[in-house]
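Summary of structural features
Below, each chain spelled out in residue letters.
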Amino acid sequence: MGPERHPSALGALGQECWAEIWDIIGPQIEYDMAGKGSTWDEDRLVPVTRNGAREDVWWTYGYSPIEDEKA
């Protein structure tokens, strides 16, 4: 995460913490939160700012709902 985000990212809003990549991850999170299903990306270029510089970073990640077994 780099010193730009740690530890300040803990408890922060995702849209504020990840503003430079929100156009990539925001729609994926909104899709998941709307109950439309999970998302998955493999080796996706997500350029982030770390240690004061923009870096090209390839991520494998996904978003999925957490099921409430009590419901």
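For the structure, see preceding data.
This section reports on the structure supplied with the text. (Residues numbered from 1 in each chain as written. Predicted model: local features only at pLDDT ≥ 70, side-chain atom pairs only at ≥ 80, totals over all residues. Heavy atoms only, no water.)

1. A look at the overall build of the protein
Within the protein, the regular secondary structure consists of two helices and four strands. Moving toward the C terminus, one meets the helices and strands of the protein in the order α-α-β-β-β-β. For the protein, the spread of C-alpha atoms along the three principal axes comes to 45 × 25 × 15 Å. Burial analysis of the protein (71 residues in total) assigns 24% to the buried set. Considering only contacts in the protein between residues 6 or more positions apart, those separated by 24 or more positions represent 36%. Within the protein, the 14 negative side-chain charges are centred at a point lying 2 Å from the centre of the 6 positive side-chain charges. (Helix = DSSP H or I, 4+ residues; strand = E, 2+ residues; numbered from the N terminus. Buried < 20%, exposed > 50% of the residue type's maximum accessible area, 1.4 Å probe, protein only. Contact = heavy atoms within 4.5 Å. Lys, Arg positive; Asp, Glu negative; His and termini not counted. Charge placed at Lys NZ, Arg CZ, Asp CG, Glu CD.)

2. Quick look at the packing of aromatic side chains
By the definition in use, this model includes one aromatic pair. Residues Y61 and Y63 carry aromatic rings whose centres are separated by 5.7 Å and whose planes lie at 70 degrees to one another, so their mutual orientation is edge-to-face. (Phe/Tyr/Trp six-rings, centres within 6.5 Å; stacked < 30°, edge-to-face > 60°.)

3. Some points on the side chain of D32
Inspection of the secondary structure assignment puts D32 in helix α2 (residues 22-33). Setting aside residues up to four positions removed in sequence, D32 forms contacts with G37, S38, Y63, S64 and P65.

4. Observations regarding the nonpolar core
Listed in full, the eight residues of the largest apolar core are I21, W22, I24, I25, V46, V48, V57 and Y61. Looking at this core, the element that brings in the most residues is α2, giving three residues. (Core = buried A, V, L, I, M, F, W, Y, C linked by side-chain atoms within 4.5 Å.)

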